[in-house]
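# Breakdown of the fold
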Amino acid sequence: MAMTSGASTPQRPPRVGKSSGGFDILHSQSSSIQGLDVMSDIEHGEQVHTSNANNAWWQKVKLRSGYYLPGRSYFRRVENFGDLKLGGDVLAGVTVACLLVPQSISYATSLAKLNPLTGLFSASIPGIIYSVLGSSRQLNVAPEAALSLLVGQAVQDILIHPLDGGDKVLMDFIAHNPKTVAAAVSTIITLQAGLMTFLLGIFRLGFIDVILSRALLRGFVTAVAVVILIEQCIPIFGLSALEYAPPSGDPPESTLDKALFLFKYIFIDPRAHWLTAFIGFGTLAALLVIRAAKRSASKRCDWPKWIPEVLLVVIVSTCLSAVFDWEKAGVVILGRVEPVTDASFFAFPIHSLNYMLFKRTASTAILISIVGFLDSIAAAKQNALRFGYSISPNRELVALGAGNLAASFIPGTLPAYGSITRSRLNADCGGRTQMASIISSILILLATFFLLPTLYYLPKAVLSSIVCLIVWGLVVETPHDVKYYLRMKAWRELFLMTLTLVLTILWSVEVGVLSSVALSLLLVVKKSSQTRMSILGRMPGTDQWKPINENPEAIEPLPGVLIVRVRESLDFANSAQMKERLRRLELYGVEHKHPSEAPTRQHAQVIVFHLADMDNCDVAATQVFFELIEAYKNRAVNVFVCHLRPGPNDVFEKAGVIDLLGRDAVFENVTSAMQHIEVLELVHDGGI
């Protein structure tokens, strides 16, 4: 076959003949093999690409799971018992468990008026869940004094004032089954608090930790400490039975009523049990002395700080009570701990009785979720700063909420949140991961089933003394803050702290919390509603423009020209007061003057807005800006803008602000705007 000339050479077909079984066939087979090799390489490449994609996806899943489930990495360290960090976690877990066993029993019996088992389960179950989901490595999650007090007040309120509109059968049930009702109240509060906390985290509302200022939080914490101290004095003096069945009148409800109750039955009509009082105050004195000795000894060596003085006092007092038979002498002891309910160990938290209590306890649950999170995030941030890692408030909310939701499936469990003091102890004893909390929770569960029966003879006055010791630490921190506010002349902070303290003590913890949150929100709204603006002046010999209140040498260019720098983005909140703020700047400048005083500046003939700091401007703020320029135009005041960013420029274009100003009123910087003003001679003595 002849070759033809052209742009391409056609492929030669296989030849037939005597040579067809030779080289041409081999060439054809070789081409086929090469084609198969190419196809194989392509398929292999696709498999490699798919494998790489799968590996990348799996690595991404592992990375994300390590972020959202940090507890996954803790279990790997169990394989290495020689790890120093694991050793520190074990020591911290044992130390915190020795503190939490008597502490959680005290909170459950003395503050929440519940079965001791509920306190122990609250100190273990939520901690295990948090250790898997939480972002803090040292935070210890367990019942808190203030939160247990809120639960106890809710229990007492429902037992004294049964459900409104309930039928006679329900009223009789509440009257004859107070322990079951108390467990139901605690369960539904824990469920609601956990659900509220969990949803706050899911909707990324972790920024709520800014709603309470330090002064308000200090006032609330101090007030709660005072309330708890007064309440715990009743069992310490052996007046618990008299509290619920006083000879005359109704049982005391408010903190003031309880203080008057104590005064009456200690001094006016003495009915205190003095052996109980001796045991209670003797225990408190012993704990204070041991702690003082520990602080002194810890300056010379480390081991004294690991002594569990609370657990030692509980063991010693239990033994003394058994030996001297204090029960026969009239001392109230812990006794045999009955199961929380007659039903199974686990129970679905929503049933007929709990559902009836849902609305009645909703406000308490919301308060617990807010206060518990604030205390937890403060402790988490403190340890994160100390050990150099970051935490996520949203993940903290999810972890704390999940822990309480899980705990609510055990009847009567108390709400559990983080504690600053326990978390600090955890870190001081070597806790570097949440493995310490897991170890602590396991030890508490073991104590629940094996140690609790041995505490039969434990005097309840000892538990009240333990609570007093813990909350006394909250009271002694207050003078430090008061001295600081006095030194800084922070009268507003002092007023807010005092107001919260008084409201909480005289009315109730709920009123104190609500007033604190409401005042904080009002302060935040007030601060955010004030547009940050300053008057600019030219620095001598330069083209730089600086705020005249920060730079006294800066000079305003011409009388009647007001150059205003907006120091933040504008939104519906901070733009509402912008008109009034500009009016005050125009009449009084940066001086603080009363509105009744005469203006110290002449009315502006030209206003230049410096908008370099305005990254965003929402629809409501743009509308305010439009109305502002319109008002200035009606007054024959020339308005110019400079340093306008692309985002606000697009919004101004759509809203018609640029058309209202005029394209020639938008400048790159203040200097070019001033040159334009001077050339057009817009400012003169006679006006415009």
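Residues numbered from 1 in each chain as written. Predicted model: local features only at pLDDT ≥ 70, side-chain atom pairs only at ≥ 80, totals over all residues. Heavy atoms only, no water.

### Section: the overall build of the protein chain
The number of helices and strands found in the protein chain is 26 helices and 8 strands. Within the span of the protein chain, comprising 688 residues, buried residues form 47% of the whole. Within the protein chain, counting contacts between residues at least 6 apart in sequence, those at least 24 apart form 80% of the total. Counting only carbon and sulfur atoms, one obtains 63% of the accessible surface of the protein chain, whose full area is about 35,100 Å². (Helix = DSSP H or I, 4+ residues; strand = E, 2+ residues; numbered from the N terminus. Buried < 20%, exposed > 50% of the residue type's maximum accessible area, 1.4 Å probe, protein only. Contact = heavy atoms within 4.5 Å. Areas by Shrake-Rupley, 256 points an atom, 1.4 Å probe, with all protein chains shown as cover.)

### With respect to the pattern of salt bridges
Once their charged atoms are close, side chains differing in charge can pair, the charge on each being opposite to the other. Taken as a whole and assessed by the stated rule, the structure comprises 22 salt bridges. A salt bridge links Glu-493 to Arg-492; the nearest nitrogen and oxygen atoms lie 3.7 Å apart. Classification of Arg-492 by relative accessible area gives partly exposed; the value is 49%. Each of the salt bridges in this network shares a partner with another, and the network as a whole consists of Glu-550, Arg-565, Arg-567 and Asp-613. (Salt bridge = Lys/Arg side-chain N within 4 Å of Asp/Glu carboxyl O.)

### Some points on the sheet that holds strand β7 (residues 638-642)
Strands pair in a sheet through their backbones, by hydrogen bonds, and they do so in one of two ways: parallel or antiparallel. Read from one edge to the other, the open sheet built from 6 strands follows the order β4-β3-β5-β6-β7-β8, with strand pairing classed as mixed. The strands lining the two open edges of the sheet, one partner per strand, are β4 (545-547) and β8 (666-667). Examined bridge by bridge, β7 and β8 share 2 bridges and lie parallel to one another. Residue pairing for β8: Val-641 is matched across the bridge by Val-666. Along the sheet, helix α22 (residues 578-588) makes contact with β3 (533-538), β5 (561-566) and β6 (606-610), crossing β3 at roughly 35°. (Pairing = 2+ DSSP bridges. Axes fitted to C-alpha atoms, helices over the stretch in contact; angles between N-to-C directions.)

### So, the pairing of β3
Of all 6 residues in β3, 5 are buried, a share of seventy percent or more. In the sheet, β3 pairs with β5 via 3 bridges, with the strands oriented antiparallel. Residue pairing for β5: Ile-535 is matched across the bridge by Val-564. Pairing of β3 with β4 involves 3 bridges; the strand directions are antiparallel. In the strand pairing of β4, Leu-536 is matched with Pro-547. Between β3 and β4, which follow one another and run antiparallel, lie 6 residues, and Gly-541 among them has a positive phi close to 75°.

### Looking at helix α15 (residues 393-407)
In an α-helix there are 3.6 residues to a turn, and that puts residues three or four apart on one side. With 15 residues, α15 extends 21 Å from end C-alpha to end C-alpha; this agrees with the ideal 21 Å at 1.5 Å per step. Along α15, 12 of the 15 residues are buried, which leaves the element largely enclosed by surrounding structure. Where α15 is concerned, the buried positions are Asn-394, Arg-395, Glu-396, Leu-397, Val-398, Ala-399, Leu-400, Gly-401, Ala-402, Gly-403, Asn-404 and Ala-407. (Expected span 1.5 Å × (residues − 1).)

### So, unusual backbone geometry
Positive phi is not limited to glycine here, since Lys-489 has a value of about 55°. Structurally, Lys-489 is set in the loop between α19 (478-488) and α20 (491-506). The class for Lys-489 is exposed, based on a relative accessible area of 60%. One non-glycine residue with positive phi stands out, namely His-643, at about 55°. Mapped onto the elements, His-643 comes out in the loop between β7 and α24 (646-655). What makes His-643 partly exposed here is its relative accessible area of 28%.

### A short note on the packing of aromatic side chains
Throughout the structure, instances matching the rule amount to 11 aromatic pairs. A ring pair is formed by Phe-640 and Phe-667, whose centres lie 5.9 Å apart and whose planes are at 55°; its orientation type is tilted. Of this pair, Phe-640 sits in strand β7 while Phe-667 sits in strand β8, placing them 27 residues apart in sequence. Considered together, Phe-640 and Phe-667 belong to a single accessibility category, that of buried residues. Of the aromatic side chains, those joined through ring pairs into one cluster are Phe-237, Trp-274 and Phe-281. (Phe/Tyr/Trp six-rings, centres within 6.5 Å; stacked < 30°, edge-to-face > 60°.)

Purely geometric stuff here, so don't read any function into it on its own.
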